[in-house]
Structure formats: structure tokens, C-alpha cells
Amino acid sequence: MSNPGTPGGQPGPQRTTDPVPADPAQAYAELAAGNRRFVSGAPRHPNQDAGHRAAVADGQHPFAVIVGCSDSRLAAEIIFDRGLGDLFVVRTAGHTAGPEVLGSVEYAVTVLGTPLVVVLGHDSCGAVQATREAVTTGAQPLGHLRAVVDAVLPSLRRAEAEGVDDIDGIVDIHIAQTVETLLGQSPVLAAAVAQGRCAVVGVSYRLAAGAVRPVAAVPAATVAGAAGASIPVAPAT
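Source: prediction; values computed, not measured.

This brings us to the sheet that holds strand β4 (residues 199–205). Taken in spatial order, the 5 strands line up as β2-β1-β3-β4-β5 in an open sheet, and their pairing is mixed. Edge positions in the open sheet fall to β2 (87–92) and β5 (212–218), since each of these has one partner strand only. Strand after strand, the sheet turns through a mean of 20 degrees between neighbouring axes, direction not considered. As defined by bridge partners, β4 adjoins β5 across 6 bridges and the pair is classed as antiparallel. What sits directly across from V200, in β5, is V218.

Below, the structure is given as C-alpha cells:
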């Protein structure tokens, strides 16, 4: 039976308040489970009803920070089948990580106590493609787009050094590079990871299939318990 007031007989958001995962591995497992529901076409839409909206109005306790690409097809709450108060989302083109992004991540980890940071990239990334085109043609991007290209360029150079030429292989390297950037540029985040209070995982999303897969994880054991998890690229250090 469909929920009352739902047009077209489609199931509406369930009146569900899920428990907040207590550690990095549990947080990643929760995201992985939500993504499997999304891929299978059976989302639960937890924490999206009016009652939960009122419950989180006075405070938030997100269990994951999503540092994602701004691509319009990469809506984290939908991809991971989550709701209000679950995810602390920071998005930039190509998930580039400047000072404001680092500060946002540090706020979630230190002030909100969030146990997991996820770098969310995707296949056919436009920022990676734009960077490769700029390198190939020698044409400088206009305006502030150059800042995005400059931020992605180290990943492209790394891919060249490793003999990786296909766009999605470069995307994987760029995701792993962003994981390393977050840890290398934020002593606060690195300390939280070293103390076991937080983990950083890079995942790649397939636009057509809707599935995510881990690309890099620090510590690597964070993704070990999630069904179907594998790390085809060496974990960032």
C-alpha cells in the first residue's frame, strides 16, 4: 500500500529514524547499503518525514562528510538513500579541495564529530576532461575555471607518470589524489584518522549504473566489511 498523500501510488518517504553509525566502518557500511538500495530501485528514503525534520531542527549529527563533485547527477542523499541530518555535503567541480573545503571538513569532524569523510567522484568527470583538454591544446581556461584546472592538474600529471590514459582511469587517480590532499593539507583531519576517530574513503560513482565502488581508503580496513567492496587502486598514504 502506498503512503497516504503520495501521488500516482508511488511509495513516499518512510517515517524512519535510523541510528547514527558510531565508527568509520559502520558509517561506510551504512552508505554502501543505501547505495545498494538505490541501485536496486528499492530506496527506503529514511529520515525524510516531517517528524524527523522537527527532530533535527535543533542540532545535527551527520555520520559522513561527502566531498563531492558538483555534477548535477551526483546528489549524495539520493545516491546513498539518506535523509535530513545524515550527510554533511561539500561540493565543488572535480571535488577540488581548497581552504574552504578543508575548513568545512574540519568543522564536521571536530565540531560535529563526524566519523567518515568520503570523496565522491564519478566517471566521465567534466573537470578532468577540461584539464586534459587544456593540457592537450595549450589553451588557458577562462575566468575562475582555471583554478579548477590547476587543482586537477597534479592528478593528470600523476596519471601520465603511471601510464594511465583513459578518462575513467584518470578519474580514479584524481579521487585517490583528493584523499591524499585532504590528509596532507589538514593536520586536523590527519590527526583524527591517526587516532581512529575518523576515516577517509574515495569512491567512484557510475552515472548510468548508479553504483559506487571504493578507490582509496585510509585506513583500508574501513571498507573491508561492506559487501562487494574492493580497492582496485592502492590506498592513499
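With that settled, the discussion passes to helix α1 (residues 24–40). A rise of 1.5 Å per residue sets the reference length of α1, with its 17 residues, at 24 Å; its end C-alpha atoms lie 25 Å apart and thus fit the reference within 8%. Among the residues making up α1, those that are buried are P24, A27, Y28, L31, A32, G34, N35 and R37. Buried positions along α1 lie against β1 (64–69), α3 (76–79), β2, β3 (116–122), β4 and β5. Two or three places before A25, at the start of α1, stands the capping residue D23, its side-chain oxygen 3.1 Å from that residue's backbone nitrogen.

The angle between the axes and the distance between the axes are what describe a pair of packed helices. Contact pair helix α6 (residues 145–161) / helix α7 (residues 167–185): the axes reach a minimum separation of 9 Å and the direction vectors enclose 120 degrees. Taken together, the axes of α6 and α7 are oblique relative to one another. Here α6 runs over α7; the crossing is right-handed. Contact residues: α6 offers A151, V152, P154, S155, L156, R158 and A159, while α7 offers I170, I173, H174, Q177 and E180.

Quick look at the side chain of S186 now. Structurally, S186 is set in the loop between α7 and α8 (187–194). Those residues in contact with S186, other than ones at most four positions away along the chain, are L102, E106 and T181.

With that settled, the discussion passes to the pairing of β3. Burial runs high along β3: 7 of the 7 residues are buried. Both faces of β3 are covered, namely the face carrying L116, V118, L120 and H122 and the face carrying V117, V119 and G121. Of the strand pairs in this sheet, β1 and β3 are connected by 4 bridges, and their pairing is parallel. Residue pairing in the sheet places V65 in a bridge with V117 of β3. Of the pairings in the sheet, the one linking β3 to β4 comprises 7 bridges and is parallel in character. Looking at β4, one finds that H122 is bridged to Y205.

Glancing now at the pattern of salt bridges. In this structure the tally under the stated criterion is 11 salt bridges. Note that D86 is salt-bridged to R82, the shortest N-O span being 3.1 Å. Judged by its relative accessible area of 1%, R82 falls in the buried class. Through salt bridges with shared partners, one network takes in E30, R82 and D86.

Let us now look at the pairing of β4. Side chains on a regular strand alternate between the two faces of the sheet. Along β4, 7 of the 7 residues are buried, which leaves the element largely enclosed by surrounding structure. Neither face of β4 is left uncovered, since the one carrying A199, V201, V203 and Y205 and the one carrying V200, G202 and S204 both have all their residues buried. From the end of β4 to the start of β5, which pair antiparallel, there are 6 residues, and G210 there has a positive phi angle of about 85 degrees.

Moving on to helix α5 (residues 126–137). In a regular helix each residue adds 1.5 Å, so 12 residues correspond to 16 Å; α5 covers 16 Å between its end C-alpha atoms and thus fits that length. On its buried face, α5 sits against α6 and α7. Downstream of α5 by a residue or two, G138 has a phi angle that is positive, lying close to 80 degrees.

Calculation rules
Residue numbers restart at each chain and count upward from 1, following the sequence in its written direction. Local features in this predicted model are restricted to residues of pLDDT 70 or higher, and side-chain atom pairs are both shown and tallied only at a pLDDT of 80 or more, whereas totals for entire chains, interfaces and linings draw on every residue. Where side-chain values are given, they derive from all heavy atoms of the structure, hydrogens and water being excluded. Strands were regarded as paired on the criterion that DSSP finds at least two bridges between them. The numbering of helices and of strands both runs from the N terminus, where a helix is a DSSP run of H or I of at least 4 residues and a strand a run of E of at least 2. Axes here refer to lines fitted to C-alpha atoms; in helices the fit is confined to the stretch in contact. Angles between the N-to-C directions go from 0 to 180 degrees. Given a helix with a known number of residues, its expected span is that number minus one, times 1.5 Å. Buried residues are those whose accessible area, probed at 1.4 Å on protein chains only, stays under 20% of the maximum for their type, while exposed residues exceed 50% and partly exposed ones sit between those limits. Two residues form a contact once any of their heavy atoms are found within 4.5 Å. The term polar contact refers here to a pair of N or O atoms within 3.5 Å; inside protein, the definition further demands a hydrogen-donor-capable atom paired with an acceptor-capable atom, and it admits residues adjacent in sequence only when both atoms are side-chain atoms. Here the angle decides the label: under 35 degrees means roughly parallel, over 145 means roughly antiparallel, 65 to 115 means roughly perpendicular, and every other value means oblique. The hand of a helix crossing depends on one turn: near helix anticlockwise from the far one by less than a right angle means left-handed, and clockwise means right-handed. Any carboxyl oxygen of Asp or Glu within 4 Å of a side-chain nitrogen of Lys or Arg constitutes a salt bridge here.

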